[in-house]
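Coordinate analysis (summary)
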Amino acid sequence: MFLTCVETVTKELVSWMRGHESSVFSISVHASGKYAITTSSDTAQLWDLDTFQRKRKLNIRQSVGIQKVFFLPLSNTILSCFKDNSIFAWECDTLFCKYQLPAPPESSSISYKVFAVTRDGRILAAGGKSNHLHLWCLEARQLFRIIQMPTKVRAIRHLEFLPDSFDAGSNQVLGVLSQDGIMRFINIQTCKLLFEIGSLDEGISSSVISPHGRYIASILENGSLNIYSVQALTQEINKPPPPLVKVIEDLPKNKLSSSDLKMKVTSGRVQQPAKSRESKIQTRILKQDLTGNFESKKNELPDGLNKKRLQILLKGYGEYPTKYRMFIWRSLLQLPENHTAFSSLIDKGTHVAFLNLQKKYPIKSRKLLRVLQRTLSALAHWSVIFSDTPYLPLLAFPFVKLFQNNQLICFEVIATLIMNWCQHWFEYFPNPPINILSMIENVLAFHDKELLQHYINHDITSQLYAWPLLETVFSEVLTREEWLKLFDNIFSNHPSFLLMTVVAYNICSRAPLLNCNLKDDFEFFFHHQNNLDINVVIRQVYHLMETTPTAIHPDSMLHVFVALTKGQYPVFNQYPKFIVDYQTQERERIRNDELDYLRERQTVEDMQAEVDQQRVEDEAWYQKQELLRKAEETRREMLLQEEERMIQQRQRLAAVKRELKIKEMHLDAVRRRFLKLQQDQREMELRRLDDEIGRKIYMRDREIAATAKDLEMRQLELESQKRLYEKNLTQNQEAVAKEMRADADAYRRKVDLEEHMFHKLIEAGEVQSQKTQKVMEENLAKAEQACLNTDWKIQSLHKQKCDDLQRNKCYQEVAKLLRENRRKEIELLNAMVEEEAKKWKEAEGKEFDLRSAKKASALSDASRKWFLKQEINAAVEHADNLCHKVSLNRRAVEWDTSGPNLIKKVRNLRQRLTAQARHRCQTPHLLAT
């Protein structure tokens, strides 16, 4: 995230300031304009606006969070507010912590969200999700006041003090924007609600006050921007401070003016003081207590205005300034602004008499319709007579349109108008006010008898030429500017001025009225705008007020102006109560009759709806039955067609089956020939298998016989070796004399033996390889044959079992011969070892002499012996591995009959080679011995 600095004059980009990782929601600038603080949710940074460099950074734990960091006005202190309600004050230059505000009491603890500081930096206001406001004194560093907002306020979204030109920075008025979109301005000392802006329909989203406190700019939730004038909203603000010296004097009535109330205080000279707030409060108390002195002060108006001076101004200019008209009207009418009483009337909701107001008075603006409906409902709740007054919407509409943004003022203006300018209107209710119309007719008869006679000649009564003007308060016959100008004069004069205006309007329009002969023309004239100068009418009114005799003058029958009471609105009962009660009862009876009628009609309609629904259901059922019948007939036709089609297909299928049967007969002959051929082939294979089994049995017998002969030969060899050994023992005496010849013969025999052993090893490897290859080829052939003819081998299983029994018997005989040969070999070996031990003892002495001479020969013999031993072991291991693999392959395919023979042969070969090697290794020693 980054910040941009732009020159306001040239609108050029000055600098970029980077450093925030999250969005910035607050920027505070020092009073000198040198420093600025930017605040995000995780950090606050102090910037030097001369170099646009970051000076310091405030880091906090992520679990705490920053709520707001800002400069205090006219000071060098930074105030930091965190989400855990902790508030710290820091020195701007050194960033030293000056103090920390204590925690608020638990009974009124709230989560602070918004803050505001007075212009002198002494009071801090804090609020959040509550209707409580906390006021902190930063000098005493303590909470000195808790303000509770109305119950409608559940959360506070914005706080801002309203600047005042005369409070030296100690602002007393605080603007509070709540969750309902209404911004209320309260006095923090008296805790009174002064005024409010916004409404539930057009709530305020955000608001800001001008530096001098003259205007309030607000952005509404619908996107529109409203600018309010503070001076027009209230008269309790921007007043001069009270004087230091107060002088009370009894002044003559004719010398009292607004200029006499304005006093100045100068050094060295005491003058009469200006009207202070304390004196004003005292005046209000006296007005409530000393009502007999009201006539003496009837020209005094609130806010320092004077009625006589306003009348002089009005006669000179013809109207009040547009900018100050609303302010003057409120002063002339002395509106009490009873917020609580008005809220209680509004809270009662829309009156039942005005629920369908839009049907009778279709207004294009929905907002204007809602304001009119609320104002009329408030009037009806104030007095029951207004719920039955048919012309009340016509009477109230121009004021509603004029004060649609301030419903309280609108209500009080209409109520004041009704109480003063509509006196005696409701005495003949529900008929028009005959007494008031008679006053108008008497005045018209005195000033223009010709016009009145014209009305009488054409049967035109005052209900036609006077009452339409009164019930619409001239809003139908005048434009907006003319109407405002007229009511400037009406509100500035006696209540009889309105009746005189009706007479003046008729007299000034006498020319067109004398030319009218039809009643419709008269009705049209008094319900539409006419070409008439309002200034002439007003001058005529003043002329009538002065020239009308006292006997017929309306002011003798109407009392003087009486303002609405403060706090609560007065009771309005100037109407025939029995008639209103009777009408109310009749209306209630009619309403109940209407409800009964509506219930009965609803019952009849429900029954008719049920009958219609039943008739519709019956018609639908009959139609459905007809459709079902037609569908059934259609389905039957389709079934008949399908049956015919099925018969045709069955016939074609029978013909195809016959053809297939004929073809199957030919195929059976071919299949029988093929089966016979297969049977012949299998019989041939079985015969070939029998021949192979017989050949293998013959081969096995031959191998067994050969093995037996080999064993016999081995036994003969062992016996011959034994005899040879015995012969050698007898010839040991001659060996000493024939040592040289024996060494040569021994060396030659050794060489021959080594060559013979080497050739034997080669031959044994070749024979073994050939046998192994042969066995593998046989196994491969048998494996292929087994894969192709598994079913044939099942037939020969019985023969193989018999053969297995014979082989087992032969194996046992061979194993018995092998065990006997091994026993004899062990006996021979033991005898040879014993004899060798004896000879070694005898030759131990002579060996020392021959060791040096035989050292080289012994080393070569040892190396050759090791080489031969390694080769023999490798050959034996290779043979064992081949035998193991062959036996595994034979077990996987079938029981190989030649396997045991091959194992026996390999084992015999290994034993012979081992015996020969031992014998050859012992021969040099024997010869040497």
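Under the annotation held in an unreviewed UniProt entry, the protein carries the name TBC1 domain family member 31 and is attributed to Saimiri boliviensis boliviensis. Regarding the protein, the relevant UniProt record gives this comment under Function (unreviewed entry): "Molecular adapter which is involved in cilium biogenesis. Part of a functional complex including OFD1 a centriolar protein involved in cilium assembly. Could regulate the cAMP-dependent phosphorylation of OFD1, and its subsequent ubiquitination by PJA2 which ultimately leads to its proteasomal degradation."

Examining the overall build of the protein
Summing up its helical and strand segments, the protein has 26 helices and 21 strands in all. Relative to its full complement of 929 residues, the protein shows a buried share of 37%. When the accessible surface of the protein is totalled, it reaches about 56,200 Å², and 55% of it is carbon and sulfur.

Some points on the environment of glutamate 427
Summarising the element assignment, glutamate 427 is placed in the loop between helix 10 (407-420) and helix 11 (434-447). One polar contact links glutamate 427 to histidine 424, side chain to side chain, over a distance of 2.5 Å. A polar contact is formed between the side chain of glutamate 427 and the side chain of asparagine 435, at a distance of 3.0 Å.

Here we look at the side chain of asparagine 187
Relative to the assigned elements, asparagine 187 resides in strand 17 (residues 183-187). Among the residues examined, asparagine 187 registers a relative accessible area of 11% and is labelled buried. Here glutamine 189 takes part through its backbone nitrogen, which lies 2.9 Å from a polar atom of the side chain of asparagine 187. Excluding residues that lie within four positions of it along the chain, asparagine 187 makes contacts with Gln172, Lys192 and Leu194.

What to know about helix 6 (residues 339-347)
The periodicity of an α-helix, 3.6 residues per turn, causes residues three or four positions apart to be oriented the same way. Burial in helix 6 covers these residues: His339, Ala341, Phe342 and Leu345. Looking down the long axis of helix 6, one finds its buried residues gathered within 165° of arc, a one-sided arrangement. Residues of helix 6 that are exposed and point over 90 degrees away from its buried face: Thr340 and Asp347. Where helix 6 is buried, its residues contact strand 18 (192-197), helix 8 (366-382) and helix 10. Trailing helix 6 by a residue or two, glycine 349 shows a phi angle of about 85°, which is positive.

Let's talk about the pairing of strand 19 (residues 204-209)
Two strands pair when backbone bridges link them, and strand 19 and strand 20 (residues 215-220) are joined in this way by 5 bridges, in the antiparallel orientation. Bridging from a neighbouring strand, serine 206 pairs with isoleucine 219 of strand 20.

Notes on the packing of aromatic side chains
According to the stated counting rule, one finds 33 aromatic pairs in the structure shown. Three or more aromatic residues joined by ring pairs form one cluster here, namely Phe342, Trp382, Phe386, Tyr391, Phe411, Trp425, Phe426, Trp467, Tyr569 and Phe572. The ring of phenylalanine 70 carries the charged tip of lysine 68 above its face, separated from the ring centre by 5.2 Å.

So, helix 24 (residues 797-853)
Across its 57 residues, helix 24 extends only 69 Å between first and last C-alpha, which sits more than 12% below the 84 Å expected from 1.5 Å per residue. Along helix 24, the largest kink reaches about 55° and is centred on glutamate 844. Among all positions of helix 24, only Asp803, Arg807, Cys810, Tyr811, Val814, Leu818, Asn821, Leu828, Met832, Lys839 and Ala843 are buried.

Remarks on the environment of aspartate 459
As for its placement among the helices and strands, aspartate 459 is situated in the loop between helix 12 (449-457) and helix 13 (462-465). Looking at aspartate 459, the relative accessible area reads 60%, which means it is exposed. C-alpha separation for the pair aspartate 459 and asparagine 517, spaced 58 residues apart in sequence, amounts to 9.9 Å.

Let's talk about the nonpolar core
In this structure, Trp382, Leu470, Phe474, Trp483 and Phe491 are the most contacted members of the largest nonpolar core, which totals 105 residues. The element that contributes the greatest number of residues to this core is helix 10, accounting for 10 residues. Discounting chain neighbours no more than four positions away, the residues touching phenylalanine 491 are Trp329, Leu332, Leu333, Phe399, Val413, Leu417 and Trp421.

Some thoughts on the pattern of salt bridges
Overall, the coordinates contain 29 salt bridges when judged by the stated rule. For aspartate 347, the salt bridge goes to lysine 152, with nearest N and O atoms at 3.3 Å. Here aspartate 347 is found in helix 6, whereas its partner lysine 152 is found in the loop between strand 14 (142-148) and strand 15 (156-162), with 195 residues between them in sequence. The salt bridge involving arginine 325 is made with glutamate 319; its shortest N-O contact spans 3.1 Å. Using a relative accessible area of 3% as the deciding quantity, one classes arginine 325 as buried. Several salt bridges converge on common partners, so that one network encompasses Asp120, Arg122 and Glu139.

Here's the deal with the UniProt feature "coiled-coil region" (unreviewed entry) in the protein
Look at the UniProt record and you will see "coiled-coil region" (unreviewed entry) annotated at residues 597-673 and 814-843. Annotated as 100% helix and 0% strand, the span residues 814-843 places its first and last C-alpha atoms 42 Å apart.

Side note on the sheet that holds strand 11 (residues 112-117)
On the basis of which strands lie adjacent, the open sheet formed by 4 strands has the order 11-12-13-14 and antiparallel pairing. The two strands at the open ends of the sheet, each matched to only one other strand, are strand 11 and strand 14. Each adjacent strand pair in this sheet contributes to an overall mean axis angle of 25°, direction not counted. Sheet topology places strand 11 next to strand 12 (residues 123-128); 5 bridges connect them, and they run antiparallel. Bridge pairing in strand 12 places valine 114 opposite glycine 127.

Section: the packing of helix 11 against helix 12
In the contact formed by helix 11 and helix 12, the axes pass within 6 Å of each other and the chain directions differ by 125°. Between helix 11 and helix 12, the interaxial angle falls into the category oblique. Facing helix 11, whose interface residues are Glu441, Leu444, Ala445 and His447, helix 12 presents Lys449, Leu451, Leu452 and Tyr455. Split into classes, the residues belonging to the contact of helix 11 with helix 12 amount to 5 nonpolar, 1 polar and 2 charged.

Things to note about the sheet that holds strand 15
Spatial ordering of the open sheet is given by 15-16-17-18, a layout of 4 strands whose pairing is antiparallel. With partners counted over all chains shown, the strands left at the sheet margins are strand 15 and strand 18, one partner each. Across the sheet, the mean angle from the axis of one strand to that of its neighbour is 25°, orientation sign disregarded.

Things to note about a nonpolar patch on the surface
A contiguous nonpolar surface patch, about 400 Å² in accessible area, is contributed by Phe2, Val6, Leu13 and Trp16. When its relative accessible area of 42% is taken as the criterion, phenylalanine 2 is described as partly exposed.

Comments concerning the environment of lysine 367
Within the secondary structure, lysine 367 sits in helix 8. In the structure, lysine 367 is positioned 166 residues away from aspartate 201 in sequence and 8.1 Å away in space, judged by C-alpha atoms.

Cut-off values and rules
Residues numbered from 1 in each chain as written. Predicted model: local features only at pLDDT ≥ 70, side-chain atom pairs only at ≥ 80, totals over all residues. Heavy atoms only, no water. UniProt positions renumbered as here; feature names shortened; annotations may be inferred. Helix = DSSP H or I, 4+ residues; strand = E, 2+ residues; numbered from the N terminus. Buried < 20%, exposed > 50% of the residue type's maximum accessible area, 1.4 Å probe, protein only. Areas by Shrake-Rupley, 256 points an atom, 1.4 Å probe, with all protein chains shown as cover. Polar contact = N/O pair within 3.5 Å; in protein donor to acceptor, adjacent residues only side chain to side chain. Contact = heavy atoms within 4.5 Å. Arc of directions from axis to C-beta. Pairing = 2+ DSSP bridges. Phe/Tyr/Trp six-rings, centres within 6.5 Å; stacked < 30°, edge-to-face > 60°. Lys NZ or Arg CZ within 6 Å of the ring centre and 35° of its normal. Expected span 1.5 Å × (residues − 1). Bend = angle between axes of the 7 residues up to and from the residue. Core = buried A, V, L, I, M, F, W, Y, C linked by side-chain atoms within 4.5 Å. Salt bridge = Lys/Arg side-chain N within 4 Å of Asp/Glu carboxyl O. Axes fitted to C-alpha atoms, helices over the stretch in contact; angles between N-to-C directions. Parallel < 35°, antiparallel > 145°, perpendicular 65-115°, else oblique. Nonpolar A, V, L, I, M, F, W, Y, C, P; charged D, E, K, R; others polar. Patch = residues over 30% accessible without salt bridge, like charges linked within 9 Å, V, L, I, M, F, W, Y side chains within 5 Å.

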